[in-house]
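A structural walkthrough
Below are the chains, spelled out letter by letter.
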Amino acid sequence: MFTKQQLMLLYEVSDSTIEKYLVSHANELKANGYTVLKGSKLKEFKKLMDGTVTNYGTKISALGVFSFRAVLNLGMLLTESETARLLRSRLLDIVLDVMAERAGGHTKFINQRDENYLLAAFQEENYRRQFTDALDSFVEGNHWKYARFTNLIYQSIFHENATEYKKVLRLAEKEKIRETMYSEVLNLIASFESGIAHELEKASQAKGGKLTQKEAENLFASFEQHPLFRPLILDARTKMASRDLCFRDALHEKLEAYIQSVPEADFERFLGEKSKSLEEQLSDPDTLAVFKRLKDR
């Protein structure tokens, strides 16, 4: 147990500052181990402290003390203390380390523990092929157009190009972006790829030849504004920004306005008993049967 005087030294704050939080967050701190000792409990505590309590003397009749959990709780609340800020940073590191261990590796691939990930990734790969085939057939330009127009899809959905996304998630050069994306984001990308492939073909047929890159870019801009995609884009941005900040300590600055608290169901989805590593999913006979049916189709 720790006294208020000890916390004043630890966090380098005044008595009145701690008292302010004891009033404003009384229930929370009490639930986490703050208590006021009186009578026999105070006498027992004094005996443990050799008869006196530092800076309080022997004549006190009541003494507020903090359990270790309450000390940490106060550290999470204090905005006036640099020590508390450092404590919060260290606690975040510990939480992320535990999450990474639970996830079976670096949290950058925590999205793959979602039971919906494999199917979404498989389907998106099919639509990706349709998209690149459409670029080949209906848009002028060399092979650089694939990266260029893929970045237009990323910027439409989450305001970042591939380079920016890799920087936010601290991905190595050879690590694939889509292997880190949540199933909802992959599904939306697949919808964009399928829809744009269709629109490119229609526009090319109407023109009677391949589109210039500028014409294709204008088509992208128009496609992004379709009302059908507005709620889907909002949902994808919210999930990506919120989950990445929570599970990966990765802040998408361009999506900061979309950050919300992560629902409890997401913790179960990515870290709970039902979540599985990619290796476990691939060894599941039921999962393999689904992929076989899709392949045969």
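Look above for the structure.
The following paragraphs examine the structure supplied in this document.

Bringing the overall build of the protein chain into the picture now. The helix and strand tally for the protein chain stands at 15 helices and 3 strands. Taking all 297 residues of the protein chain together, 41% fall into the buried category. Of the contacts formed within the protein chain by residues at least 6 apart in sequence, a portion of 67% connects residues at least 24 apart. For the protein chain, the exposed area adds up to about 17100 Å²; of that, 54% sits on carbon and sulfur atoms.

We now examine helix α8 (residues 144–158). Over its 15 residues, α8 runs 21 Å from end to end, which matches the ideal 21 Å to within 8%, given 1.5 Å per residue. Taken together, the buried positions of α8 are occupied by Lys145, Phe149, Thr150, Ile153, Tyr154, Ser156, Ile157 and Phe158. Tucked inside the fold, the buried residues of α8 contact α7 (117–138), α9 (162–169), α10 (183–207), α11 (213–224) and α12 (230–248). Histidine 159 sits one or two residues past α8 and shows a positive phi near 60°.

This brings us to α11. When the terminal C-alpha atoms of α11 are compared, their 17 Å separation across 12 residues agrees well with the 16 Å that a helix rising 1.5 Å per residue should span. Among the residues of α11, Ala216, Glu217, Leu219, Phe220 and Phe223 are the ones counted as buried. The arc that holds every buried residue of α11, seen down its axis, measures 155°, which confines them to one face. Opposite the buried face of α11, by more than 90 degrees, sit the exposed residues Lys214 and Ser222. Its buried side turned inward, α11 meets α7, α8 and α10.

At glutamate 12, a position not held by glycine, the phi torsion is positive, near 60°. Following the sequence through the fold, glutamate 12 ends up in the loop between α1 (4–11) and α2 (15–24). The exposed category is assigned to glutamate 12, whose relative accessible area is 64%. Even without being glycine, arginine 170 reaches a positive phi, approximately 55°.

Attention now goes to the pattern of salt bridges. Under the criterion given, the structure shown has 17 salt bridges. We note a salt bridge from glutamate 215 to lysine 207, for which the minimum N-O separation is 2.8 Å. A relative accessible area of 42% means that lysine 207 is categorised as partly exposed. Here the salt bridges share partners, and the residues they tie into one network are Asp114, Glu184, Arg243, Asp266 and Arg269.

A word on the nonpolar core. Within the largest apolar cluster, 45 residues are counted, with the highest numbers of intra-cluster contacts made by Phe158, Met181, Phe192, Ile196 and Leu200. Listing elements by their share of this core, those giving two or more residues are α7, α8, α9, α10, α11, α12 and α13 (264–271). Residue contributions to this core peak at 8 residues, all from α10. The contact partners of leucine 200, leaving out residues within four places of it in the chain, are Ala134, Leu135, Phe138, Val139, Leu211, Ala216 and Leu219. The next biggest cluster of nonpolar side chains, apart from the first, holds 16 residues, and it includes Leu22, Phe66, Ala70 and Val71.

Parameters at a glance
Every chain's residues receive numbers from 1 upward, in the order its sequence appears when written. The predicted nature of this model means local features are confined to residues of pLDDT at least 70 and side-chain atom pairs, given and counted, to a pLDDT of 80 or more, with totals for whole chains, interfaces and linings taken over all residues. Only hydrogens and water are set aside; all other atoms, that is, all heavy atoms of the structure, feed into the side-chain values. Secondary structure counts use DSSP, requiring at least four H or I residues in a row for a helix and at least two E residues in a row for a strand, with both numbered from the N terminus. Three labels apply to residues, based on accessible area from a 1.4 Å probe with only protein chains included: buried if under 20% of the type maximum, exposed if over 50%, partly exposed otherwise in between. We call two residues in contact when some of their heavy atoms are within 4.5 Å. Where accessible areas are quoted, they stem from the Shrake-Rupley method and a 1.4 Å probe; at the residue level, only the protein chains shown are allowed to cover. Multiplying one less than the number of residues by 1.5 Å gives the expected span of a helix. This arc corresponds to the set of directions leading from the helix axis out to the C-beta atoms. Salt bridges are counted wherever a side-chain nitrogen of Lys or Arg sits within 4 Å of a carboxyl oxygen of Asp or Glu. Here, the term nonpolar core denotes a set of buried Ala, Val, Leu, Ile, Met, Phe, Trp, Tyr and Cys residues that are joined through side-chain atoms within 4.5 Å.

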